[in-house]
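As a plain string of letters, each chain reads:
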Amino acid sequence: MTLRHFLKDTAISHDEQAAILRLAMEIKADRLKYQPLAGPKAVAILTDKPTLRTQVSFTVGVAELGGYPMFVDGNLVAIGKRESISDVSKVLGRMCHAIVWRTYGQERIEEMASVVSVPVVNALTDDYHPCQVLADLQTVAEALGGVDKLPGAKLAYFGDGGNNMAHSYLLGGALAGMHVVIATPSAYPPKPEILAEAQAVASREGGSVTVTDDPVAAATGADAIATDTWVSMGMEGDAEARQAPFVPFRVDAALMAMAKPSAIFIHCLPAYRGKEMTADVIDGLQSRVFDEAENRLHAQKALLIWLLQQLEGTES
């Protein structure tokens, strides 16, 4: 019996990531095949931030696994204000078989994981969005023809290099053995400690990570082009100041043309047409954003199954 949490992309190994992605593809073909939460066993789904895909995908996913998805509005609970993170976590840990949390500082979810005896899943923090990147890797693998095609593939991300998506692309992509390029204005780099970790992981797994302010170089020869909103949650006050620096990193048809002809476009959503990408890209033939959104469901179900198997000492 091993308690495992998924607090960031590198909480698992290369082989474990590949196994989860293969399981996600298996689940996509037969959505009700696995029922590890039959009973139903409850999974707490807490959100402190606005949500659509996270709430829907985890709610549907837990239900399809035979469980009871217990949605908790973190703003009503006021975790860390009305009641301490530790106390809330201990209550949930005694009643639920897993906890999923979409919150702010990474230290919050790490504190939760330190005091419970059930798996804790990071559904988004300010630093990481690892469940999204699992779904993104599944989407890229589908386009390439399998999980074993991810090592050596090039994924280029355009936008804020210091946001949670850029950080998780660095770590998750490096873990998969990919060549990850972050194209961002020089004033918006990734956190140095996260970049350093990604470089170490990439070196170990045979991939690479690059940060550049040259969007053409980043796009050239890419297998997948990714972007995200220029204004992350909590940065709305900086929206106007953030426009001009990011315009050269907008994904349009000309930038997509620099990638491989078979390249796909992905975006975690919500998307703002005319800003981080043009409408013809996100609504075009190379776009896989709604496959990607659906894959949140399958990748997260696979992750939950895998975490529960570790806890129970079983394998699929």
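Report follows, based on the coordinates.

Here is what the cut-offs are and how they apply
Residues numbered from 1 in each chain as written. Predicted model: local features only at pLDDT ≥ 70, side-chain atom pairs only at ≥ 80, totals over all residues. Heavy atoms only, no water. Pairing = 2+ DSSP bridges. Helix = DSSP H or I, 4+ residues; strand = E, 2+ residues; numbered from the N terminus. Axes fitted to C-alpha atoms, helices over the stretch in contact; angles between N-to-C directions. Contact = heavy atoms within 4.5 Å. Right-handed = clockwise from strand over helix to strand, strands pointing away. 1 Å grid on protein atoms, 1.4 Å probe; cavity = no way out; pocket = protein on both sides within 12 Å on 5 of 7 lines; lining within 4 Å. Points joined across faces, edges and corners; volume = space filled by probe spheres on them. Nonpolar A, V, L, I, M, F, W, Y, C, P; charged D, E, K, R; others polar. Parallel < 35°, antiparallel > 145°, perpendicular 65-115°, else oblique. Phe/Tyr/Trp six-rings, centres within 6.5 Å; stacked < 30°, edge-to-face > 60°. Buried < 20%, exposed > 50% of the residue type's maximum accessible area, 1.4 Å probe, protein only. Salt bridge = Lys/Arg side-chain N within 4 Å of Asp/Glu carboxyl O.

With that settled, the discussion passes to the sheet that holds strand β3 (residues 98-102). A sheet is described by the order of its strands in space; here four strands give the open sequence β2-β1-β3-β4, paired in parallel fashion. Strand pairing shows two members of the sheet lacking a second neighbour, β2 (68-73) and β4 (120-124), which therefore form its edges. With direction set aside, neighbouring strand axes in the sheet form an average angle of 20°. Pairing analysis gives six bridges linking strand β1 (residues 42-47) to β2, with the strands arranged parallel. In the sheet register, Val 43 faces β2, and the bridge partner there is Pro 69. This element, helix α4 (residues 85-95), spans β1, β2 and β3 of the sheet and lies at about 140° to β3.

Time to look at the sheet that holds strand β5 (residues 154-158). Strand order in the open sheet made by the five strands is β7-β6-β5-β8-β9, with parallel pairing throughout. Sheet topology places β7 (208-212) and β9 (264-267) at the edges, where each strand pairs with a single neighbour. In this sheet, neighbouring strand axes are inclined to one another by 20° on average, regardless of whether the strands run parallel or antiparallel. Helix α6 (residues 130-144) rests against β5, β8 (224-227) and β9 of the sheet, and its axis sits at about 170° to β9.

Pairing of strand β6 (residues 179-183) with β7 involves five bridges; the strand directions are parallel. Counted as the bridge partner of His 179 is Ser 208 from β7. This β-α-β element, β6 to helix α8 (residues 192-205) to β7, shows right-handed connectivity.

Once that is clear, we can look at empty space enclosed by the protein. Counted under the stated rule, the structure contains one cavity of 30 Å³ or more. Within this model, the largest cavity holds a volume of roughly 30 Å³. Lining the largest cavity, in full, are Phe 6, Asp 9, Gln 17, Pro 130, Val 133, Leu 134, Leu 137 and Gly 172. For the lining of the largest cavity, the element with the highest residue contribution is α6, accounting for four residues. Broken down by class, the residue content of the lining of the largest cavity amounts to five nonpolar, two polar and one charged.

Time to look at the packing of helix α1 (residues 14-29) against α6. In the contact formed by α1 and α6, the axes pass within 10 Å of each other and the chain directions differ by 70°. In this view, α1 runs roughly perpendicular relative to α6, as classed from their interaxial angle. For the pair α1 and α6, contact is made by Gln 17, Ile 20, Leu 21, Ala 24, Met 25 and Lys 28 and by Leu 134, Leu 137, Gln 138, Ala 141 and Glu 142, respectively.

Okay, the packing of aromatic side chains next. One pass over the full model with this rule turns up three aromatic pairs. Measuring from centroid to centroid gives 5.6 Å for Tyr 157 and Tyr 169, while their planes differ by 45°, and the two rings are tilted. With Tyr 157 in strand β5 and Tyr 169 in helix α7 (residues 164-175), the pair connects residues that are twelve residues apart, well separated along the chain. By the burial criterion, Tyr 157 is buried, and Tyr 169 matches it. Between Trp 230 and Phe 246 the ring centres are 5.9 Å apart and the planes differ by 20°, which places this aromatic pair in the stacked class. Residue Trp 230 is found in the loop between β8 and α10 (239-246), and its partner Phe 246 is found in helix α10; the two are separated by 16 residues along the sequence.

With that settled, the discussion passes to the environment of Ala 254. Along the chain, Ala 254 falls in helix α11 (residues 253-258). For the pair Ala 254 and Ala 219, spaced 35 residues apart in the sequence, the C-alpha separation amounts to 10.0 Å.

We now examine the pattern of salt bridges. Applying the stated criterion across every chain, the model contains 13 salt bridges. In this structure, Glu 26 and Lys 33 form a salt bridge, with 2.4 Å as the shortest nitrogen-oxygen distance. We classify Glu 26 as partly exposed; its relative accessible area is 30%. Residues joined by salt bridges that share partners form a network here, namely Arg 31, Glu 64 and Lys 301.

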